[in-house]
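Descriptive structure summary
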Amino acid sequence: MNMGYLIPEWPGQSHVWAWREICHLRELGLNVTILSTQEPKELGKHDFTFVAHAETVYLWPISISKILLSLIWAITHNPKGFLSCIQLGLSLPVYKKPTWKSVLPLLIPACQLAREVKRRKIRHIHTPMPGNSAVLCMMVKRLTRVPYSLTIVAAFDHWGGAMHEKIADANFVSLVAQWMANEMPKAFPMISPNHYSITRHGVDTKKWIPHPNKPFNTAQPKRILSIGRLAACKGFDVLLEATALAKSKGVSLELRIVGEGPERPRLEQLIERLNLKAEVVLLGSLGEEQCLAEARAADLFVLASHHEPLGVVYLEAMATEVATIGTAAGGVPEIITDGVNGLLVPPNQPEKLAHAMVQVLTNDQMREQLAKAGRRTVIEKFDSRIGAAMLRGLILQGSQTRDVINWSEAFSELQKTSSRN
């Protein structure tokens, strides 16, 4: 089956999970065409970036002549659908007003996308970013009758509005966390529970594996790793305060932070104020392979986010058998069971985070037990092949039979396919 995978500004630094999903869908026999609104301002630093970039079909920018050709094609191919797109552009209740200024211009790339869909005989479009990409899918559906589906990877109010319309018009919707499924009846009471399912993004556990010869570190200092965009919501200021508290208790440690973002100047000032220049290293953005190397060398992974839709970086650390501490917010408790495969602390409480860090860093047996239990959890529940197999089942089987698909059956199907290949 030919399908399109539409993701804006691809391939960016944060798109590792999407590449995993695309690769697994292909392993399962789907012919996936990668579609993107435009190139990112800065390409991601991963090994797959240039391969992904070379094969992607970009909708923008395009020449004036192509714009005219696309518009003429849409009008002559399906005039009723074209008028329906205009009506959508004038009425869709997005947050940004006036509506026509923010939605109607999307008709141009939508016509271009519709031409590509027909030319490539694409039978289904999926987008994991239901902002403007979902609006494009709605327009293409009106122009070509090709259905689309959505994955919601962040809070419902993150996507520019009109979520009820985007969800209702989709063939199905997948959610990355149970808390989202719990919120759906409250946020969208008119949407049937049969219209949405959980398909979590995860980690390639065949790639993210522990270092084969890594000795268990009983020496000092202990290495702590944290990965995330340097934004206020990630709580790196809380982590730095907790690190200073752990240091004051006599724990010898090194904190390595991977990521870049607007909070960097403030964090640099905080590092100096807390007298942590000898203990903390800001590594900037790194590629997936470098992040894997950092995880394999770490003794502890910590991310102090105020809220995470799910938290793939926790899963990556756990997959490499690194003891992990997270915050009890968003989807993180769906990954970490406190005291079993990691530790959970309340968000924005550096004292409690410091206590958990000291507890893990000073107890070698506890650290090893949490690390091994963490990898078992990821293998059993959060391998990226599981979510991809679920998504493939939803696409092929349609909404009427989604309830018969479960994770273990989907994962078994993918393993059988991989072994045949």
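Refer to the structure presented above.
Okay, so let's go over this structure. (Residues numbered from 1 in each chain as written. Predicted model: local features only at pLDDT ≥ 70, side-chain atom pairs only at ≥ 80, totals over all residues. Heavy atoms only, no water.)

Details of the sheet that holds strand β5 (residues 148-152)
Taken together, 7 strands build an open sheet; the order of strands is β3-β2-β1-β4-β5-β6-β7 and the sheet is parallel. Because the sheet does not close on itself, it has two edges, and the strands there are β3 (57-58) and β7 (196-198). Here strand β4 (residues 124-127) runs beside β5; their pairing, made up of 3 bridges, is parallel. Looking at the pairing, H126 lines up with S149 of β5. Against the sheet, helix α7 (residues 132-144) touches β1 (2-6), β4 and β5, its axis set at about 165° to β4. (Pairing = 2+ DSSP bridges. Helix = DSSP H or I, 4+ residues; strand = E, 2+ residues; numbered from the N terminus. Contact = heavy atoms within 4.5 Å. Axes fitted to C-alpha atoms, helices over the stretch in contact; angles between N-to-C directions.)

Some details on the pairing of strand β10 (residues 280-284)
Here β10 shows a clear split, with V280, L282 and G284 buried on one side and none of V281 and L283 buried on the other. Pairing analysis gives 4 bridges linking strand β9 (residues 253-258) to β10, with the strands arranged parallel. Bridge pairing links V258 to G284 in β10. For the crossover that starts at β9, traverses helix α11 (residues 264-273) and ends in the parallel β10, the hand is right-handed. (Buried < 20%, exposed > 50% of the residue type's maximum accessible area, 1.4 Å probe, protein only. Right-handed = clockwise from strand over helix to strand, strands pointing away.)

Notes on empty space enclosed by the protein
Within this structure, the stated rule accounts for 2 cavities of 30 Å³ or more. Quantified by volume, the largest cavity comes out at close to 50 Å³. Every residue along the wall of the largest cavity is listed here: W17, E21, H24, R200, H201, G202, S384, G387 and A388. Put simply, the parts of the chain that give the lining of the largest cavity at least two residues each are α1 (16-27) and α16 (384-397). Taken together, the residues of the lining of the largest cavity break down into 2 nonpolar, 5 polar and 2 charged. Here the second largest cavity is characterised by a volume of approximately 40 Å³. Looking at the second largest cavity, the residues that line it are A231, A232, G235, F236, D237, E263, R266 and L267. Listing elements by their share of the lining of the second largest cavity, those giving two or more residues are α10 (236-248) and α11. Here the lining of the second largest cavity is built from residues that sort into 4 nonpolar, 1 polar and 3 charged. (1 Å grid on protein atoms, 1.4 Å probe; cavity = no way out; pocket = protein on both sides within 12 Å on 5 of 7 lines; lining within 4 Å. Points joined across faces, edges and corners; volume = space filled by probe spheres on them. Nonpolar A, V, L, I, M, F, W, Y, C, P; charged D, E, K, R; others polar.)

A short note on the sheet that holds strand β11 (residues 300-302)
Pairing is parallel in the open sheet, where 6 strands are placed in the order β10-β9-β8-β11-β12-β13. Of all strands in the sheet, those bounded by a partner on one side alone are β10 and β13 (343-345). On average, each strand axis in the sheet is tilted by 20° relative to the strand beside it, whichever way the strands run. Running at roughly 145° to strand β8 (residues 222-227), helix α12 (residues 288-297) makes contact with β8, β9 and β10 of the sheet. Running at roughly 80° to strand β12 (residues 323-327), helix α15 (residues 364-381) makes contact with β8, β12 and β13 of the sheet.

A look at the packing of aromatic side chains
Any two aromatic rings considered together are summarised by their centre-to-centre distance and by the angle between their planes. Using the criterion set out here, one finds 5 aromatic pairs in the structure. Consider the rings of W10 and W19, whose centres lie 6.3 Å apart with planes at 35°: the pair is tilted. The same class applies to W10 and to W19, which are both buried. Residues W19 and F48 carry aromatic rings whose centres are separated by 5.1 Å and whose planes lie at 5° to one another, so their mutual orientation is stacked. With W19 in helix α1 and F48 in the loop between β2 (31-36) and α2 (49-55), this pair connects stretches of sequence that are 29 residues apart. In this structure an aromatic cluster arises from ring pairing among W10, W19 and F48. (Phe/Tyr/Trp six-rings, centres within 6.5 Å; stacked < 30°, edge-to-face > 60°.)

Observations regarding the side chain of T324
Note that T324 resides in strand β12. A distance of 2.9 Å separates a polar side-chain atom of T324 from the backbone oxygen of V322. In this structure T324 touches L300, F301, Y314, A317, M318, I336, G342 and L343, once residues within four positions along its chain are discounted. (Polar contact = N/O pair within 3.5 Å; in protein donor to acceptor, adjacent residues only side chain to side chain.)

Examining the pattern of salt bridges
Overall, the coordinates contain 24 salt bridges when judged by the stated rule. As a salt-bridge pair, R142 and D169 come within 3.0 Å of each other at their nearest N and O atoms. With a gap of 27 residues between them, R142 in helix α7 and D169 in helix α8 (residues 163-169) connect regions that are remote in the sequence. Here R142 falls in the partly exposed class, since its relative accessible area comes to 23%. (Salt bridge = Lys/Arg side-chain N within 4 Å of Asp/Glu carboxyl O.)

So, a nonpolar patch on the surface
Together, I64, L68 and I72 give the surface a local cluster of nonpolar side chains, amounting to about 320 Å² of exposed area. Within the secondary structure, I64 sits in helix α3 (residues 64-77). (Patch = residues over 30% accessible without salt bridge, like charges linked within 9 Å, V, L, I, M, F, W, Y side chains within 5 Å. Areas by Shrake-Rupley, 256 points an atom, 1.4 Å probe, with all protein chains shown as cover.)

By themselves, these are just geometric observations and shouldn't be taken as functional.
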